[in-house]
Amino acid sequence: MAQLKAISLTSSINLASYGPRRSIFSLHAKLYYVSRFIFVKDALPNPDNLICSRKLSSFPELSGKSSSLHGHAIVSNNGSFTITPKNQGIQAVLSSNTGTEVSEATKGGGLRGKLNKVVLAYSGGLDTSVIVPWLRENYGCEVVCFTADVGQGIKELDGLEEKAKASGACQLVVKDLKEEFVRDYIFPCLRAGAIYERKYLLGTSMARPVIAKAMVDVAREVGADAVSHGCTGKGNDQVRFELTFFALNPELNVVAPWREWDITGREDAIEYAKKHNVPVPVTKKSIYSRDRNLWHLSHEGDILEDPANEPKKDMYMMSVDPEDAPAQPEYVEIGIDSGIPVSLDGKTLSPASLLAELNEIGGRHGIGRIDLVENRLVGMKSRGVYETPGGTILFNAVRELETLTLDRETIQVKDSLALKYAELVYAGRWFDPLRESMDAFMEKITETTTGSVTLKLYKGSVSVTGRTSPYSLYREDISSFESGDIYNQADAAGFIRLYGLPMRVRAMLKKGI
C-alpha cells in the first residue's frame, strides 16, 4: 500500500512513516485496513471534522463503510492520500499514475449544495477562469473544462490546459467543431437568408447551440450531472446555452454563476482573478468583451457602451480599415449548390476552409464591418461592433443567385420567413421544431439555387458583377426590348385592366358612377 504522504488537520497528525501493517494509536485513533484503502475512525475528538476527499464509486461496499464511519476516508491509487476537515475547505493534491488531481472538501459538498461533476464551457478568459474555483467551493464538485474549437484562433487555444488546471479543473476537453459549425449551423442560416434586425448575421447566435450540444455529449462521456457557463444574467447567451441543454438533456443540472455570485461586473471579476492568481488576458484600463469564431468577431463593452462613441481604429482584428484597403479591387467567384456555397474561384473547398479563405480575402479589403444597436432577447438594447468579412461575401452571393432562380412570390415568402428564422436562432431556439420545419422549407425551396456569382471587393464594399445558373428563370429572349414570340406587348393592355379593376371600382364609387 502506498504511504500517506501528508495530512492537514486542525491538529497536525503525521502518519507518513507508518506502513500498512503497523498499528497507530494517536488521539484514540483506530485504523481499518481494507485492501489498498485506509479508513479512519475517531481520529479526532470530533470525528465529524473529517470527510472523504474522493468518492469511492468503484467500490460500493467500501463506500458504504465509509459512510458508516462518519464519511472519513483516506484513498490511494498508487499515490498520495488526503484527509481534510469538513469545515476548512483545505485544498490538497492527489497524485496518481495518470497525473494530478485537485481536491477541495467543504462541509456537505459545497456552500450552495452538492454536485458530483460539472462540465464548464471554458474559454480561458476572465469569466470562465474565475468560475472553476467558484464551482468547486460552492458545489464541492470536480470541474471538467470544455473548449470548442469553432475557429476562434490558435492563440485563444494556446495554454488552455495549463490555465484550466491552475484554476483547479480536473480535466480539459477540446473538440474541433469547425466543420460541423459551418456545415450544420452557418450554412443553413445562410441558405435561409437569416439576418437579425437588418444587419446582424448571427455569428454568436449560431455558435452557441453547436457548443452547447457538444457540452451535453461531453457530460454524457465523463458522467457529469451538471453543466455550467460563464454567461452574464443580462445577455442572450445564457438563454441560448440553456435552451439547448433543455432540448437535448433535460435531466442535467445547470449552474450559471453570474446569476448567483457576488461579483457584479468585469472589474470585480478581474480583482477576484488577481486575488486567486488566475491569469486573464484583460486589464482594467481596456476591457472589450469579444467573441470570435470562424464566422465573425464581435466587440462589446468599454467605450462602445456609449452609442455616441466611434469605435477605435485599433479595436478591429479581422479586417483592415476600408480607407487603408488596397486601391485595386479584387474579384471572387463563389460556386453555390442548392443554396450552399461549395467553391471559390472554381476550387471546391470544405465548408470551414471556404469560409476561412474568404475571411482572409474579405478582411484585407475591409469587408463586413457593422456597428449595431440591437434589441436583446432579455429586453434591453445593447451596442456591438461586428466583423464578418467572409460571411458578408457569402451572404451577398447566395442572395444574388436567388434573384435568378426564385420567382417573385417565392422570394417574398422566403424573405418573410427568414425574419422569423433569424429571430428563432437569435433567441437560442435552434432545436425548436418550428426552426427545424422552416429549415426543411428552405432546403426544398432552394433546390434549384445552383450556379455561381462573381463579386467585386473594394474598400469595404461588395458589389455583384455577374451571376449564372443552369436553373435561371431569366430569359434574355423574353426580357429583351426586342419583339419576341413568347411575350406579346399587346397582351399588357388586358392585364392592366384586370389588375387595376379594384382601384377603378373604388374610384367609380367615390364619383357615384
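In terms of regular secondary structure, the protein chain is built from 15 helices and 20 strands. Counting over 513 residues, the protein chain shows a buried share of 47%. Sequence separation of 24 or more characterises 67% of the internal contacts of the protein chain that already satisfy a separation of 6 or more. A total of about 26,100 Å² of accessible surface is found on the protein chain, and carbon and sulfur atoms cover 50% of it.

Spatially, S9-S8-S7-S10-S11 is the arrangement adopted by the 5 strands of the open sheet, whose pairing is parallel. In this open sheet, the two edge strands, each paired with only one partner strand, are strand S9 (171-176) and strand S11 (253-255). Taking each pair of neighbouring strands and ignoring which way they run, the sheet shows an average axis angle of 25 degrees. Packed onto the sheet, helix H2 (residues 126-139) meets strand S7 (117-121), strand S8 (142-149), strand S10 (226-228) and S11 and runs at close to 165 degrees relative to S7.

To continue, consider the packing of aromatic side chains. With the rule as written, the count across this model stands at 9 aromatic pairs. A centroid spacing of 6.1 Å and a plane angle of 90 degrees characterise the contact between Tyr 200 and Tyr 426, whose relative ring orientation is edge-to-face. Of this pair, Tyr 200 sits in the loop between helix H5 (178-192) and helix H6 (203-222) while Tyr 426 sits in helix H11 (residues 408-426), and the two are 226 residues apart along the sequence. Accessibility assignment for this pair places Tyr 200 and Tyr 426 in one class, buried. A network of ring pairs unites the aromatic residues Trp 134, Tyr 139, Trp 258 and Trp 261 as a single cluster. Directly above the aromatic system of Tyr 426 lies the positively charged group of Arg 240, at a separation of 4.8 Å from the ring centroid.

Within strand S18 (residues 381-387), 6 of the 7 residues are buried, leaving the element largely enclosed by the surrounding structure. In the sheet, strand S13 (residues 297-300) pairs with S18 via 3 bridges, with the strands oriented antiparallel. Paired with His 299 across the two strands is Val 385, which belongs to S18. Alignment of strand S17 (residues 369-375) against S18, held across 7 bridges, turns out to be antiparallel. The residue of S18 that forms the bridge with Ile 370 is Tyr 386. The loop that links S17 with its antiparallel partner S18 comprises 5 residues; one of these, Gly 379, has a positive phi angle of about 110 degrees.

Before going further, it helps to examine the pattern of salt bridges. All chains considered together, the criterion is met by 27 salt bridges. Where Glu 260 meets Arg 112, a salt bridge forms, and the shortest distance between an N and an O atom there is 3.9 Å. Here the residue Glu 260 occupies a position in the loop between S11 and helix H8 (266-275), and Arg 112 occupies one in the loop between strand S6 (99-104) and S7, the gap between them amounting to 148 residues. Note on Glu 260: relative accessible area 25%, which makes it partly exposed. For the salt bridge of Arg 208 with Asp 237, the shortest nitrogen-to-oxygen distance reads 3.1 Å. Taken together, the residues Arg 208 in helix H6 and Asp 237 in helix H7 (residues 237-248) connect sequence positions 29 residues apart. Each of Glu 180, Lys 213, Asp 217 and Arg 220 takes part in salt bridges that share partners, so that together they form one network.

So, about unusual backbone geometry. A positive phi angle is found at Arg 198, which is not glycine, with a value near 75 degrees. For Lys 459, which is not glycine, the phi dihedral falls at a positive 45 degrees. Taking relative accessible area as the criterion, Lys 459 reaches 29% and is therefore assigned partly exposed.

A separate point is the side chain of Ser 382. Position of Ser 382 relative to the elements: it lies in strand S18. At a separation of 3.1 Å, a polar atom in the side chain of Ser 382 contacts the side chain of Arg 376. When neighbours within four sequence positions are excluded, Ser 382 is seen to be in contact with Glu 300, Leu 372, Val 373, Glu 374 and Arg 376.

Turning to H11, a few remarks are in order. For H11, which comprises 19 residues, the first-to-last C-alpha distance of 27 Å matches the rise-based estimate of 27 Å (1.5 Å per residue) to within 8%. Of all the positions in H11, only Thr 410, Lys 414, Ala 418, Tyr 421, Ala 422, Leu 424, Val 425 and Tyr 426 are classed as buried. Elements in contact with the buried residues of H11: H5, H6, H7, S17, helix H10 (389-405) and helix H12 (433-445). Once H11 ends, the next one or two residues include Gly 428, with phi positive near 85 degrees.

So, how was this worked out
Residues numbered from 1 in each chain as written. Predicted model: local features only at pLDDT ≥ 70, side-chain atom pairs only at ≥ 80, totals over all residues. Heavy atoms only, no water. Helix = DSSP H or I, 4+ residues; strand = E, 2+ residues; numbered from the N terminus. Buried < 20%, exposed > 50% of the residue type's maximum accessible area, 1.4 Å probe, protein only. Contact = heavy atoms within 4.5 Å. Areas by Shrake-Rupley, 256 points an atom, 1.4 Å probe, with all protein chains shown as cover. Pairing = 2+ DSSP bridges. Axes fitted to C-alpha atoms, helices over the stretch in contact; angles between N-to-C directions. Phe/Tyr/Trp six-rings, centres within 6.5 Å; stacked < 30°, edge-to-face > 60°. Lys NZ or Arg CZ within 6 Å of the ring centre and 35° of its normal. Salt bridge = Lys/Arg side-chain N within 4 Å of Asp/Glu carboxyl O. Polar contact = N/O pair within 3.5 Å; in protein donor to acceptor, adjacent residues only side chain to side chain. Expected span 1.5 Å × (residues − 1).

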